[in-house]
Amino acid sequence: SSSIPAIVVRKGVLKGDYSCKMLMMSLSKLDKRHRPRALSPNQLLNEWQEQYVPIMDAAAPGKFPEFLTELLVHVYIQTRSLQAEVLELQSNAKLRVLRVGLQRVASLGSFSARTFPLSSFSDHRVATDGQAQTEVRTEVQHEWTLGGAGHESTVRDDDPVTASEFWSAALKTKEEPTAVVNRLAFEMSPGTPEESYIPPFITQLMADQVVELAWLQKLVHNARTKQLAKSVAFAMIDYATDITLLVRMILYDPSNTAIVYASIIVGASNVCQTVLSLVFEEPPSVVLSAVIGLKPLAQLLTRRGVNGHIGDAKQRLETSASFGVDAVTETFPMLVIYSTMILRGDKFVDWFQIAAIVSSLSTMSTHTANAFMAIDADPRLAHYYPAHYNFFDRSEQGQAKLGLRLSCVASLALKVTAFSAMLRVSTALCAGGLLCELLLILAVRTFATGEWRSHIPGKVNLFTSILSVLPHYASVVSQQQYYRLIIGPAVWAAIMAITVATNSVMVACALGIGGSAFHTEVRTVLLGFVCLAYVLVAVGWGMVWTSITPEKRKTFFRNESLKQYLDREWETRTASRFGWGDNLNAARAHVVVTWSHVYWPKEKVRTWLNENWRSWQRHPPKWFDAKWRKKLGKYAPKDLLPKAALQQIAGE
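Residues numbered from 1 in each chain as written. Predicted model: local features only at pLDDT ≥ 70, side-chain atom pairs only at ≥ 80, totals over all residues. Heavy atoms only, no water.

1. Here's the deal with the overall build of the protein
Heads up, the rule is: The secondary structure listing takes helices from DSSP runs of H or I that are at least 4 residues long and strands from runs of E that are at least 2 residues long, numbered from the N terminus. Only protein chains enter the accessibility calculation, which uses a 1.4 Å probe; a residue is then buried when its area is under 20% of its type maximum, exposed when over 50%, and partly exposed in between. Here, residues are in contact when the closest pair of their heavy atoms is within 4.5 Å. Each accessible area value is a Shrake-Rupley result obtained with a 1.4 Å probe; residue values ignore everything except the protein chains displayed when judging cover.
Check the secondary structure of the protein and you find 26 helices and two strands. Of all 652 residues assigned to the protein, the portion counted as buried reaches 53%. Relative to all contacts within the protein whose residues are 6 or more apart in sequence, the contacts with residues 24 or more apart total 73%. In the form shown here, the protein has an accessible surface area of approximately 29,200 Å², with 61% of it arising from carbon and sulfur atoms.

2. Describing the pattern of salt bridges
Note the cut-off: Salt bridge, as used here, is a side-chain nitrogen of Lys or Arg placed within 4 Å of a carboxyl oxygen of Asp or Glu.
Applying the stated criterion across every chain, the model contains ten salt bridges. The partner of Arg-568 in a salt bridge is Glu-560, and the shortest N-O contact between them spans 2.5 Å. Overall, the relative accessible area of 38% leaves Arg-568 in the partly exposed class. Arg-568 is the partner of Glu-569 in a salt bridge, and the nearest nitrogen-oxygen pair spans 2.9 Å. Overlapping salt bridges, with partners in common, bring together Arg-558, Glu-560, Arg-568 and Glu-569 in one network.

3. Digging into unusual backbone geometry
Even without being glycine, Asn-390 reaches a positive phi, approximately 60°. Tracing the chain through its elements places Asn-390 in the loop between α13 (379-384) and α14 (397-425).

4. As for the side chain of Glu-330
We count it as follows: Two residue types count as positive, namely Lys and Arg, and two as negative, namely Asp and Glu; His and chain ends fall outside the count.
By the element assignment, Glu-330 lies in helix α11 (residues 309-343). For the buried Glu-330, no salt bridge exists, and the shortest N-O distance to an oppositely charged side chain is 11 Å, to Lys-295.

5. Looking at the nonpolar core
The condition that has to hold: As used in this record, nonpolar core signifies buried Ala, Val, Leu, Ile, Met, Phe, Trp, Tyr and Cys residues forming a set joined through side-chain atoms within 4.5 Å.
Counting 104 residues, the largest nonpolar core has Trp-613 and Trp-628 as the members making the most contacts within it. Top element by residues in this core is α14. It accounts for twelve residues. By size, the runner-up hydrophobic cluster in this structure holds 42 residues, among which are Tyr-76, Ile-202, Ala-207 and Leu-219.

6. Here's the deal with the confidence of the model for the protein
Parts of the model with low pLDDT should not have their predicted coordinates read in detail. We apply this condition: Confidence of the prediction at every residue is given by pLDDT, a number between 0 and 100.
Within the protein, residue pLDDT values average 75, and 77% of them lie at 70 or more. Confidence scores differ between elements of the protein, with strand β2 (residues 132-136) showing the lowest mean pLDDT of 28 and helix α24 (residues 602-618) the highest of 91. Low pLDDT, under 50, characterises residues 1-14; the stretch is placed with 34 contacts to residues that sit more than four places away or in other chains. A low-confidence stretch, residues 91-161 stays under pLDDT 50, and its non-local contacts, those more than four residues away or across chains, total 149 contacts.

7. What to know about the side chain of Glu-451
Filter applied, for reference: Any pair of nitrogen or oxygen atoms within 3.5 Å is treated as a polar contact; in protein, a donor-acceptor pairing is required on top of that, and neighbouring residues in sequence qualify only through side-chain atoms on both sides.
Its place among the elements puts Glu-451 in the loop between α15 (427-449) and α16 (462-467). By relative accessible area, Glu-451 is classed as buried at 5%. One polar contact links Glu-451 to Arg-453, side chain to side chain, over a distance of 2.8 Å.

8. Notes on the environment of Ala-644
On the secondary structure map, Ala-644 appears in helix α26 (residues 643-651). Leaving out residues up to four positions away in the same chain, Ala-644 has contacts with Trp-613, Arg-614 and Gln-617.

9. A short note on a nonpolar patch on the surface
Selection criterion: A residue counts toward a patch only above 30% relative accessible area and without a salt bridge, and it is joined to like-charged neighbours within 9 Å or, for Val, Leu, Ile, Met, Phe, Trp and Tyr, to nonpolar neighbours within 5 Å.
Among the surface-exposed residues, Val-291, Ile-292, Leu-294, Leu-297 and Leu-301 lie close enough to one another that they form a single nonpolar patch of about 430 Å² accessible area. On the secondary structure map, Ile-292 appears in the loop between α9 (284-291) and α10 (295-303). The exposure class of Ile-292 is exposed, given its relative accessible area of 51%.

10. With respect to the packing of aromatic side chains
Heads up, the rule is: Only rings of Phe, Tyr and Trp enter the pairing, Trp through its six-membered ring, and a pair is recorded when the two centres are within 6.5 Å. The plane angle decides the type: under 30 degrees is stacked, over 60 is edge-to-face, the rest tilted. Only when the NZ atom of a Lys or the CZ atom of an Arg is both within 6 Å of the ring centre and within 35 degrees of the ring normal do we say a charge sits over the ring.
In this structure the tally under the stated criterion is 24 aromatic pairs. Here the aromatic rings of Tyr-384 and Tyr-385 are separated by 6.0 Å at their centres, their planes lie at 70°, and the arrangement is edge-to-face. Taken as a pair, Tyr-384 and Tyr-385 share a single burial class, namely buried. Ring geometry for Trp-616 against Trp-623: centres 4.9 Å apart, planes inclined by 80°, an arrangement best described as edge-to-face. These aromatic residues form a ring-pair network of at least three members: Phe-372, Phe-391, Phe-392, Trp-492, Trp-545, Phe-556 and Phe-557. Stacked on the ring of Trp-545, the Lys or Arg Arg-553 has its end atom at 5.9 Å from the ring centre. Positioned above the aromatic ring of Phe-624 is the side chain of Arg-629, whose terminal nitrogen or guanidinium carbon lies 4.8 Å from the ring centre.

11. Focus on α24
Selection criterion: Under the convention used throughout, the expected extent of a helix is 1.5 Å for every residue step, that is, one less than its residue count. Think of it this way: the bend at a residue is just the angle between two axes, each fitted to seven residues, one set ending at that residue and the other starting at it.
Over its 17 residues, α24 runs 25 Å from end to end, which matches the ideal 24 Å to within 8%, given 1.5 Å per residue. At Asn-612, α24 shows its maximal kink, close to 45°.

12. Topic: α9
Defined as follows: It is the directions from the helix axis to the C-beta atoms that the arc portrays.
Residues of α9 that are buried: Val-286, Val-287, Ser-289 and Ala-290. Buried residues of α9 fall within an arc of 165° about the axis and therefore sit on the same side. Relative to its buried face, α9 has exposed residues pointing more than 90 degrees away, namely Pro-284 and Leu-288. Of the residues trailing α9, Gly-293 is marked for its positive phi of about 85°.

13. Things to note about the packing of helix α7 (residues 200-252) against helix α8 (residues 258-279)
To keep things clear, this is the line we draw: The convention used is that axes are lines fitted to C-alpha atoms, helices contributing only their stretch in contact, and that angles between N-to-C directions extend from 0 to 180 degrees. The sense of a crossing depends on the near helix, which, turned anticlockwise from the far helix by less than a right angle, makes the crossing left-handed and, turned clockwise, makes it right-handed. By the convention adopted, Pro, Cys, Tyr, Trp, Phe, Met, Ile, Leu, Val and Ala count as nonpolar, Lys, Arg, Asp and Glu as charged, and the other residues, Gly among them, as polar.
Across the interface, α7 lies against α8 with an axial gap of 10 Å and an inter-helix angle of 145°. In this structure, α7 meets α8 at a crossing whose hand is left-handed. On α8, the residues touching Tyr-239, Ile-243, Leu-246, Met-249 and Ile-250 of α7 are Ala-258, Ile-259, Ala-262, Ser-263, Val-266 and Asn-270. Counted by class, the contact of α7 with α8 contains nine nonpolar, two polar and no charged residues.

14. Considering the environment of Ser-504
On the secondary structure map, Ser-504 appears in helix α19 (residues 489-514). Overall, the relative accessible area of 31% leaves Ser-504 in the partly exposed class. Expressed as a C-alpha distance, the spacing of Ser-504 and Thr-417, which sit 87 residues apart in the sequence, is 9.5 Å.

15. Re the environment of Ser-189
Among the secondary structure elements, Ser-189 is positioned in the loop between α6 (177-188) and α7. Overall, Ser-189 belongs to the buried group, its relative accessible area being 6%. Distance from Ser-189 to Pro-200, taken between C-alpha atoms, is 9.9 Å for residues eleven residues apart in sequence. When sequence neighbours within four positions are dropped, the list of residues in contact with Ser-189 reads Pro-61, Gly-62, Lys-63, Phe-64, Leu-184 and Phe-201.

See below:
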């Protein structure tokens with residue numbers, strides 16, 4: 001066997017994290033459903049290594065070269081992340097093929113723990129055996145030419161599964177990825193005495209893992225697509241009811257002023273969706289569909305053609321943003337219009353109007369619950385801030401999601417009722433109520449945390465900081481946990497409770513000021529509905545609370561803002577971006593380009609930069625590149641930067 005060619009590739013692809021991403025993106029080439037001539041795992045690895053494996057240093061026995069260590073760390077992270085996603089979707093696993101995959105994950109920890117050398121993903125099939133279907137893989141032998149000759153390994157050539165068994169056992173633990181790879185090297189690596197040499201057992205492990213990852217990706221992609229289809233169905237039903245009701249008003253009640261408001265809302269929503277599609281550079285079919293309000297359907301159809309994990313993640317971000325914009329610009333405003341028409345006794349109120357309200361509430365609660373659970377299970381966020389994510393055991397996720405939907409439906413109904421009641425009295429009262437609630441949230445946040453400015457780097461001026469209150473308000477009303485880390489768990493919970501409690505105050509003000517605007521029957525029904533909604537909110541919150549793991553309940557209401565959290569974790573936190581390393585300096589480098597400087601522990605940052613900048617110039621860490629220095633120079637106050645940093649950044 002000949003050694004891997006030492007190819008010098010273009011600038012920017014010599015890092016393990018980038019190389020791993022390229023490998024993840026290329027896994028779809030193993031699936032012949034999306035490629036007329038599917039590659040075998042052997043062919044894929046050869047194709048990949050010819051483009052992305054750099055010149056590597058030699059390594060002593062028991063160690064791996066730096067590139068190989070980074071690559072295995074990322075493969076480990078990707079595998080464990082995908083397995084967690086699959087298990088998270090267990091409650092929605094209706095397809096037989098997904099249930100089989102889940103059983104294999106639970107029983108083996110990894111699909112690659114086999115007694116045969118390698119299985120071809122392109123030969124994957126489902127076989128029928130009596131009444132049951134059993135997923136099998138064709139056992140295909142491959143001759144491996146990767147790696148050098150003449151190097152003895154502690155892994156026998158006739159037993160290439162040993163490393164995979166080690167890997168499978170490690171995936172069942174909570175051990176840190178870097179520790180797993182270092183232990184693998186210590187126990188099994190014969191060393192790499194020549195440049196760009198990869199031990200044969202590593203190539204075999206990689207071959208097993210590309211099969212593993214491709215299969216996991218397909219499971220996750222199919223399940224996520226099915227989940228998205230449900231959300232799209234809700235969104236399309238909601239849009240259809242809005243358009244149908246608008247047309248009915250135009251035909252049968254043309255003098256109704258709600259026609260103008262509804263037309264403006266629908267048109268503005270479509271414009272916002274179109275602009276968002278252009279910003280994300282979505283396909284032309286999605287952009288055109290956004291113009292006529294069919295963007296979610298187009299996104300679903302486009303998603304079915306994406307099979308890579310990177311592309312899948314990008315589309316999930318696009319669809320999440322689309323659903324969020326739809327909720328803020330169309331669903332909620334239309335709910336207020338419908339409710340106001342009912343409260344004023346509009347002659348054009350019938351069962352279809354009630355159906356439209358139910359449809360809108362169901363749509364918003366579905367999007368909210370899906371977004372909350374997806375963010376909570378995000379392995380990247382859990383890696384960075386473990387105390388603020390992964391609240392639920394897999395066995396309790398179904399109950400948590402149901403509780404979220406129930407509380408979201410009830411709290412949104414309360415908010416819509418409150419705004420509609422005030423709007424029934426006057427537009428000025430409604431606008432004043434919204435302004436007072438925003439100011440109350442801002443005051444509580446400022447008093448409790450000592451900071452109200454934006455958390456986004458470079459966006460701390462007065463205008464952008466005030467604008468940031470609006471998404472904060474929307475996230476609290478929709479019961480999202482995004483600002484929980486920023487303002488602190490206790491303040492987040494308090495503000496959420498305040499936004500629910502203020503609804504009763506708004507309704508009381510509307511009834512008191514409105515006087516004769518509300519008939520006695522309307523008052524009775526309105527107060528009864530408000531009481532019922534509060535009961536449902538409490539029940540929903542109770543379901544979510546009992547679903548949280550006991551360990552996370554202990555700190556769920558901790559009074560600690562982002563500024564306090566970063567200060568406390570400055571000397572201990574090691575989590576950083578993949579490829580930057582797991583150490584204090586990498587974690588601190590991540591902090592200063594992720595959060596606005598108003599949340600930094602500034603004196604600690606000043607000391608850190610002054611003590612280390614010269615050393616970083618002589619021996620630059622992976623993260624200390626021109627891009628990071630440019631961000632630091634842009635976001636950091638100049639008095640925090642040492643003279644050497646200012647000179648270097650100015651020179652670049």
